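Close look at the chain arrangement
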Amino acid sequence: MIPYVVAKLQYEAMPWSEMKKDGGGVAINYERSFDLDCKSLEWIGSKDAPFVMMKQEEDGAISYEGFCIDLIEQLAKMLHFTYKIYPSPDGQYGAVTENALTLSEVREKAVDFSVPFMHYTDDILLKKRSSDEGGTFNTQFMQPFHEEVWLATLVTLVGISVSTFALNYFSPYGHKDKNGQGTSEDFSFINSVWFTWSCMLQQGAETQPRSLSVWVSTYTANLAAFFTVKNTQQGIKNLEDVLRSSYKVGIRERSTIRDFFEASEYDQYRKIWHRIQTGNNKFKSTPQAIQWVRETEESLFIYDGPILRYAANQPPCDLVSGE
């Protein structure tokens, strides 16, 4: 898919012959003698973050920001023209409505396009699984056991450590200090805790008791199973993964993606289209589709890659996008 810029011009366009690259890396074709001579252009567009976004100033005035706004401002400086931005009344892109940024053969019959300034692919947007949200690497090691098991383990560890310390302290045959009283440094309370913990983990000196630790064996087995399941739940990467899953598929109601799936004769795409039709998951706006993904279990939205990647990086950061 190819983003484009369309402006309503009141003159006959001249051929563009040279290419210049500005500091932001955007390739723009223009002729050095090409000058709009302070003409005023009308730019009609629809909001689609991060390309065009509405912003309210402190004084209440409405302004626009985004990648396309920065681009049109740079063009205005280079070609000496002014412009006015008019939001699309219905939020769409005219009678020939497709993806927000797509240059297509159908649209070329109605309007002229500038040179493309970005090439990208369509992406899949879906909600992060609970296992993906469940903490950082520092806490994932605790997930093989429930909180109750960890609490019971902690209580058992403390109970055995206290018992070990008390038995050594009160037993006449225990390890005593140099005066034959109390307990030696080897069996202080801290060392008793360390002794108990190392026995449970089958570590430590040779004189420590050795036995098969059921706790360690159970934890190791659960940890391996946990990471195995987690690897199989990394999310949807492509359409083949979608077909192997039970995910609901959503698209924009009037878009090139809709036309593509509807017209395709390829078996895989026909199955995707059937799933879309079955769920009737066609949306009039991108924010509506994104909200649907957040609120609906096992759902995904297929649309323009840059827009979905931007949405996935916005708070509360509960979405993920993939090609």
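The coordinates are above.
Heads up: these notes are all about the structure in this document. Note that the coordinates shown come from a computational prediction; the quantities given were computed from them, not determined experimentally.

Once that is clear, we can look at the packing of helix 5 (residues 147–170) against helix 6 (residues 189–200). Orientation of helix 5 relative to helix 6, taken along the N-to-C sense of each, is 125°, at an axis distance of 8 Å. With respect to helix 6, the element helix 5 is oriented oblique. Handedness of the helix 5/helix 6 crossing: right-handed. Of helix 6, the residues touching helix 5 (which contributes T153, L157, I160, S161, V162, T164 and F165) are F189, S192, V193, T196, W197 and M200. Of the residues in the contact of helix 5 with helix 6, the class split is eight nonpolar, five polar and no charged.

The next subject is the pattern of salt bridges. A complete count under the given rule lists seven salt bridges for this structure. Salt-bridge contacts for K55 lead to E65; the nearest nitrogen and oxygen are separated by 3.8 Å. You can see K55 sitting in strand 4 (residues 53–56) and its partner E65 sitting in strand 5 (residues 62–65), a full ten residues away along the chain. For K55, a relative accessible area of 31% gives the class partly exposed. Across the salt bridge formed by D267 and K271, the nearest N and O atoms sit 3.4 Å from each other. In this pair, D267 and K271 both sit in helix 10 (residues 267–279), four residues apart, roughly one turn of the helix.

Here five strands make up an open sheet; going across it, the order is 9-8-10-7-11 and the pairing mixed. Because the sheet does not close on itself, it has two edges, and the strands there are strand 9 (282–283) and strand 11 (319–322). Taken together, the four bridges between strand 7 (residues 122–127) and strand 11 define a ladder with antiparallel strand orientation. Across the sheet, the residue bridging to L125 is S321, located in strand 11. On top of the sheet, helix 10 reaches strand 8 (248–252) and strand 9; it is set at about 85° to strand 8, its chief contact. Across the sheet, helix 11 (residues 286–295) touches strand 7, strand 8, strand 9, strand 10 (299–304) and strand 11, and the angle it forms with strand 10 is around 155°.

Attention shifts here to helix 10. Counted at 1.5 Å a residue, the expected span for helix 10 with its 13 residues is 18 Å, and the 19 Å between its end C-alpha atoms agrees. Among all positions of helix 10, only Q268, I272, W273 and I276 are buried. Projected down its long axis, helix 10 shows its buried positions confined to an angular sector of 135°, all on one face. Along helix 10, the residues that are exposed and aim more than 90 degrees away from the buried face are H274 and T278. Of the residues one or two after helix 10, N280 is the one with positive phi, at around 55°.

Peptide bonds are, in most cases, trans, and in most cases residues other than glycine have a negative phi. The omega torsion of the bond from A49 to P50 falls at 5°, within 30 degrees of zero and hence cis. Here the residue pair P315 and P316 is connected by a cis peptide bond, since its omega of 10° sits within 30 degrees of zero. Of note in the backbone geometry, H80 takes a positive phi value of approximately 60° without being a glycine. Within the secondary structure, H80 is located in the loop between helix 1 (67–79) and strand 6 (81–87). Overall, the relative accessible area of 42% leaves H80 in the partly exposed class. Within the chain, C317 stands out as a residue other than glycine whose phi angle is a positive 55°. Residue placement: C317 occurs in the loop between helix 12 (305–312) and strand 11. Since its relative accessible area comes to 37%, C317 is described here as partly exposed.

Time to look at helix 5. Over its 24 residues, helix 5 extends 35 Å from the first C-alpha to the last, a length consistent with the 34 Å expected when each residue adds 1.5 Å. Residues W150, T153, L157, S161, T164 and N168 constitute the buried set of helix 5.

Here the focus is the pairing of strand 5. Both strand 4 and strand 5 contribute to a ladder of four bridges, which runs antiparallel. Looking at strand 5, one finds that M53 is bridged to E65. What sits between strand 4 and strand 5 in their antiparallel hairpin is a turn of five residues, with G60 showing a positive phi close to 90°.

Residues I124, V242, F261, L300 and I302 are the most contacted members of the largest nonpolar core, which totals 43 residues. Looking at this core element by element, the count peaks at eight residues for helix 1. Beyond its immediate sequence surroundings of up to four residues, L300 is in contact with I124, L125, L126, I236, V242, Y247, K248, V249, G250, W292 and V293. The next biggest cluster of nonpolar side chains, apart from the first, holds six residues, and it includes F145, M200, W215 and Y219.

One pair of aromatic rings is described through two measures. These are the centre distance and the angle between the planes. Considering all chains together, one arrives at twelve aromatic pairs under this definition. Pairing F260 with F261 gives two aromatic rings, centres 5.4 Å apart and planes at 65°, and the pair type is edge-to-face. The rings of F260, F261, Y266 and Y269 are connected pair by pair, giving a single aromatic cluster.

Cut-off values and rules
- Residues numbered from 1 in each chain as written.
- Predicted model: local features only at pLDDT ≥ 70, side-chain atom pairs only at ≥ 80, totals over all residues.
- Heavy atoms only, no water.
- Axes fitted to C-alpha atoms, helices over the stretch in contact; angles between N-to-C directions.
- Helix = DSSP H or I, 4+ residues; strand = E, 2+ residues; numbered from the N terminus.
- Parallel < 35°, antiparallel > 145°, perpendicular 65-115°, else oblique.
- Left-handed = near helix turned anticlockwise from the far one by under 90°.
- Contact = heavy atoms within 4.5 Å.
- Nonpolar A, V, L, I, M, F, W, Y, C, P; charged D, E, K, R; others polar.
- Salt bridge = Lys/Arg side-chain N within 4 Å of Asp/Glu carboxyl O.
- Buried < 20%, exposed > 50% of the residue type's maximum accessible area, 1.4 Å probe, protein only.
- Pairing = 2+ DSSP bridges.
- Expected span 1.5 Å × (residues − 1).
- Arc of directions from axis to C-beta.
- Core = buried A, V, L, I, M, F, W, Y, C linked by side-chain atoms within 4.5 Å.
- Phe/Tyr/Trp six-rings, centres within 6.5 Å; stacked < 30°, edge-to-face > 60°.

Interpretation in functional terms is not warranted from these geometric data alone.
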